[in-house]
Each structure stands twice: as C-alpha cells, then as structure tokens.
Amino acid sequence: ELEKARKLNPSSGKIRDLYNEVSRIMNRRPGEWGATLDWASTQLSVKIAQTRIEVENHFQQGERFMADNQFEDAEREYNAVIQKLKWVPYDIGMNDQLDSAKKRAADAREKQKRQADELDKLRHEMALKQAEALENQERSRLKERIRELMEIALEHFDNRRFQKSEMVC
C-alpha cells in the first residue's frame, strides 16, 4: 500500500518516511536507499545552483563587454550562456535567460558587424586623405620645380642665351 501511495504522491515526505520505516522493519534497507537518494538529490541541487551561478556570471560578463563595446567578447559570453542552458540535462528554470542570451548574442553580432563596417569606412577615409595629402605634396613639389626652371629660363633669356633658355623651357 505504501508503494502505491509513493507512486501516487512521490513528493510526500510523510509517505517516504513511513515507507522507509516499514521497509527497515521488513529488512529491506530503505534507509540506505534513502541516504543514497538524499545524496543524489543534494548533488543535483548543487549542480543546479552551480549551473545557475555560471550562467549568471557569463551573462553579466557579456553585459560588461557590451557596455565596453567589446562585441566579439560579449557574443562569446552570451553563446556560453546558450550552450550551458541548451545542454544542461535538467530543467533549472532559466528559459527566459536562454531567450535573453540569444537576443543579446544576435545584438552583439549586429553591433560587431556595424563596428567593423564603421572601422572599414574610417580606414577608407583615412587612406583617401593620405592619398590626397601625398598628391597635394607632389603637386606642390612639381610647381616649385617648374617655378625654379622658369627662373633659370628667364635668366638665360635675359642674358640672351636663347638656345639654353629654350632647352630649359
């Protein structure tokens, strides 16, 4: 009867204790089973608590990375949350955290892409400015050289050395 009662209401502490007592009387050693079940239950509770703490730590680290605009690192932390919650063999009641981590990982990916695009655009603009500066520098050098040659040609012309003036021109 107690076995039937346990199957109908497995969470009842009174039924479990009474079942253990009757089993001891009948020499079935449920006390050992009870201790083993208690140990297993404790281990499961510890694992759940440990997983919850790890998930929270990864999520918070991801948030810190997002605040610091380190989107690649943030995405890695959110993916760690997703993997831990996805592969945990028992329900630890953090499905909302899983959904949130998926959204934040996608957000981090998008921001990382946007940041890379802005960096590429900035590099492109800097390269254009540098090329313009080099071109302006070369033009200035060329203008200065032409001015020098014109002065030399005019000097030859003023001194009636027309052939040299023509050659310099």
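Reading the values: rules and limits
Residues numbered from 1 in each chain as written. Predicted model: local features only at pLDDT ≥ 70, side-chain atom pairs only at ≥ 80, totals over all residues. Heavy atoms only, no water. Helix = DSSP H or I, 4+ residues; strand = E, 2+ residues; numbered from the N terminus. Buried < 20%, exposed > 50% of the residue type's maximum accessible area, 1.4 Å probe, protein only. Patch = residues over 30% accessible without salt bridge, like charges linked within 9 Å, V, L, I, M, F, W, Y side chains within 5 Å. Areas by Shrake-Rupley, 256 points an atom, 1.4 Å probe, with all protein chains shown as cover. Salt bridge = Lys/Arg side-chain N within 4 Å of Asp/Glu carboxyl O. Lys, Arg positive; Asp, Glu negative; His and termini not counted. Charge placed at Lys NZ, Arg CZ, Asp CG, Glu CD. Phe/Tyr/Trp six-rings, centres within 6.5 Å; stacked < 30°, edge-to-face > 60°. Lys NZ or Arg CZ within 6 Å of the ring centre and 35° of its normal. Core = buried A, V, L, I, M, F, W, Y, C linked by side-chain atoms within 4.5 Å. Contact = heavy atoms within 4.5 Å.

Draft legend 1. Spotlight on unusual backbone geometry. Positive phi, normally seen in glycine, also occurs at N69, with a value near 60°. Relative to the helices and strands, N69 resides in the loop between helix 3 (30-67) and helix 4 (71-87). Classification of N69 by relative accessible area gives partly exposed; the value is 45%. Phi angles above zero are rare outside glycine, and R160 is one such case at about 65°. With respect to the element layout, R160 can be found in the loop between helix 5 (95-158) and helix 6 (162-168).

Draft legend 2. Quick peek at a negative patch on the surface. Taken together, the side chains of E110, D117, E118 and D120 make up a negatively charged region of the molecular surface. Take D117: it is sitting in helix 5. Look at D117 and you get partly exposed, because its relative accessible area is 43%.

Draft legend 3. Molecular detail of the packing of aromatic side chains. Under the defined criterion, the tally for this structure stands at 2 aromatic pairs. Between F157 and F162, the ring centres sit 5.2 Å apart and the planes meet at 70°, which makes this aromatic pair edge-to-face. According to the relative accessible area criterion, F157 is partly exposed, its value standing at 45%. What makes F162 partly exposed here is its relative accessible area of 40%. The aromatic ring of Y19 is capped on one face by R6, whose charged end is 4.3 Å from the ring centroid.

Draft legend 4. Local environment of a nonpolar patch on the surface. A cluster of nonpolar side chains, namely L142, I146, M150 and L154, defines an oily patch on the protein surface of about 380 Å² accessible area. Relative to the helices and strands, I146 resides in helix 5. Classification of I146 by relative accessible area gives partly exposed; the value is 47%.

Draft legend 5. Representation of the pattern of salt bridges within the structure. Evaluation of the coordinates by the stated rule reveals 13 salt bridges. A salt bridge links R104 to E63, with the nearest nitrogen and oxygen atoms 2.9 Å apart. Of this pair, R104 sits in helix 5 while E63 sits in helix 3, placing them 41 residues apart in sequence. Residue classification places E63 among the partly exposed positions, given a relative accessible area of 30%. Between E151 and R147 there is a salt bridge, with its nearest N and O atoms 2.4 Å apart. Here the residue E151 and the residue R147 both occupy positions in helix 5, the gap between them amounting to 4 residues, near one helical turn. Through salt bridges with shared partners, a single network forms among E63, R104, D107 and K111.

Draft legend 6. Quick peek at the nonpolar core. Counting residues in each nonpolar core, the largest one holds 16 residues, and the members touching the most others are M66, A74, Y78, V81 and L85. Sorting the residues of this core by element identifies helix 3, helix 4 and helix 5 as the ones contributing at least two each. Here this core takes 6 residues from helix 4, the largest share from any one element. Residue contacts for V81: discarding those within four places in its chain leaves V55, H58, F59, Q97 and A101.

By themselves these figures say nothing about function.
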